[in-house]
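# An overview of the molecular structure
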Amino acid sequence: MAKRAGRQRNQLPTCYYEGYLEKRSFKDKTSRKLWTCLCGNTLFFYNDKRDADYIEKLDLSGFISVTDDSSQDRNLDAARLNLQMKDGNIKFTAPNAEARELWKGYIHSVSELSVPSSLNLLPGQIHMLLEAVEKEKDRKKNVPPPVITSNPYVRLQADMPACYHPVSRLEAELLLEKEAKRGNLLLRPGRDGNSFAVTTRQEHDGSIFRHYRVSRRHEGGFAIDVASPIPCATLRDVINYLVENTDGVLVPLIIEEAYEKNISFIRADYENGETTVQQPTPNPPSLPPKPVLKPRMPTPEPEPVVEEDFYMNDSMLESEKEKEDSSAVAQLQPVKKAPLMPPIPAPRKLSFTTPAAPSSSSTTKDLRVRANTDPAGQIPLAALSELKLKLEQKGLCTE
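Residues numbered from 1 in each chain as written. Predicted model: local features only at pLDDT ≥ 70, side-chain atom pairs only at ≥ 80, totals over all residues. Heavy atoms only, no water.

Under an unreviewed UniProt entry, the name given to the protein is Signal-transducing adaptor protein 2-like protein, and the source organism is Lates japonicus.

Here we come to the overall build of the protein. Regarding its fold elements, the protein presents seven helices and 14 strands. Expressed as a percentage of its 399 residues, the buried residues of the protein come to 25%. Expressed as a percentage of contacts within the protein between residues at least 6 apart in sequence, the contacts between residues at least 24 apart total 40%. For the protein, the exposed surface amounts to about 31700 Å²; the carbon and sulfur share of it is 55%. (Helix = DSSP H or I, 4+ residues; strand = E, 2+ residues; numbered from the N terminus. Buried < 20%, exposed > 50% of the residue type's maximum accessible area, 1.4 Å probe, protein only. Contact = heavy atoms within 4.5 Å. Areas by Shrake-Rupley, 256 points an atom, 1.4 Å probe, with all protein chains shown as cover.)

Another aspect to go through is the environment of Val 214. As for its placement among the helices and strands, Val 214 is situated in strand β10 (residues 207-216). A C-alpha to C-alpha distance of 9.7 Å links Val 214 and Arg 188, two positions 26 residues apart in sequence. Apart from the residues within four sequence positions on either side, Val 214 is in contact with Ser 195, Phe 196, Ala 197, Val 198, Phe 222, Ala 223, Leu 235 and Val 238.

With that settled, the discussion passes to the pairing of strand β3 (residues 42-46). With respect to burial, β3 is a largely interior element, five of its five residues being buried. Burial along β3 is two-sided: the residues Thr 42, Phe 44 and Tyr 46 and Leu 43 and Phe 45 are all buried. As defined by bridge partners, strand β2 (residues 32-39) adjoins β3 across five bridges and the pair is classed as antiparallel. Within β3, the position partnered with Cys 37 by the bridge is Phe 44. Here β3 runs beside strand β4 (residues 56-59); their pairing, made up of four bridges, is antiparallel. Each residue of the ladder has a partner; that of Phe 44, found in β4, is Lys 57. (Pairing = 2+ DSSP bridges.)

This part covers the packing of aromatic side chains. The geometry of an aromatic ring pair is captured by two quantities: the separation of the ring centres and the angle between the planes. For the structure shown, the criterion picks out eight aromatic pairs. Look at Tyr 20 and Trp 35: their rings are 4.8 Å apart centre to centre, the planes differ by 80 degrees, and that puts the pair in the edge-to-face class. Of this pair, Tyr 20 sits in strand β1 (residues 15-25) while Trp 35 is found in strand β2, placing the two residues 15 residues apart along the sequence. The ring centre of Phe 45 lies 5.7 Å from the NZ or CZ of Lys 23, which sits over that ring. The ring of Tyr 20 is capped by Lys 33, whose NZ or CZ atom sits 5.2 Å from the centre of that ring. (Phe/Tyr/Trp six-rings, centres within 6.5 Å; stacked < 30°, edge-to-face > 60°. Lys NZ or Arg CZ within 6 Å of the ring centre and 35° of its normal.)

Okay, structure coming up:
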């Protein structure tokens, strides 16, 4: 199948700015010096300034920002810039700082439809950016609306006829030439992206190709754009009309891809170096057991809640009754008297006067008492009984 050629320069939108740029993205291992043209809101890249067909393009609809890149280049005069998109970052290298400012200004102006105020440009260059913004606004007004994927007539790929092939005009001719035995009619997308086209091939002193435009109708459905437009409800009706009104001469090209009926694999024998085609032993996977559903127990119904009416007067009456009851209980209860406690003797006062010199008789008595007491300072029973007898004898003598 032939390679689809890109649009030439005369088919591209208005070119606002162009020049050489070294492009390097995350996927590119080395930078490439390409002639770059800003046409509309798309950057087109060419191998050379004189080439007519571009080799790559970059849509600026996912533009986020364009900033300076402060990293140094081998060329001291070169200036780098970083273009940040929604799907990644792309690095460019301009020949000099002035070219970098112009690229930044044009890319930002075309993407945001406004001239940035942070650029270091001359008044004449700012005026050129303003003109580019106005041209881009006018261009976007005249651009046809994009294809609506949620169209009520064509919602999914399954709604397309079986003879639909997403190919270009040239690819359709080559495909019908190659698959002439299978069919001579196919449906393909239109050039503007919002319509469709039917391509046919017949033999008459060579191959004769015809292309019919199928456009959408405002009130719904489609129409075959000929001298007298032929309305059709769906794309399938378009194909059926062409087949039925040509007595079956036109046959839709339906390419059914072949699929294997058995699973096979190639196994290599490393001992003798031979390879054989083998099939796996049929061992279908076992299905998981079905879960056992437990019977659900009936949940008891909750008892109905009887709501009682509440009034502010009731609460006031209850509070007054509580106060009366509490006062009555206080009067009935006897007053408890505090228990009588024994008198507590006053502590002895210690005198710090120097004691008088003890007499000889007192010292002898103290020595006797100390001798009769135990080491812990307590008087034994024998001494107590002796003192008791002496006191009794003294009492008798006094009588």
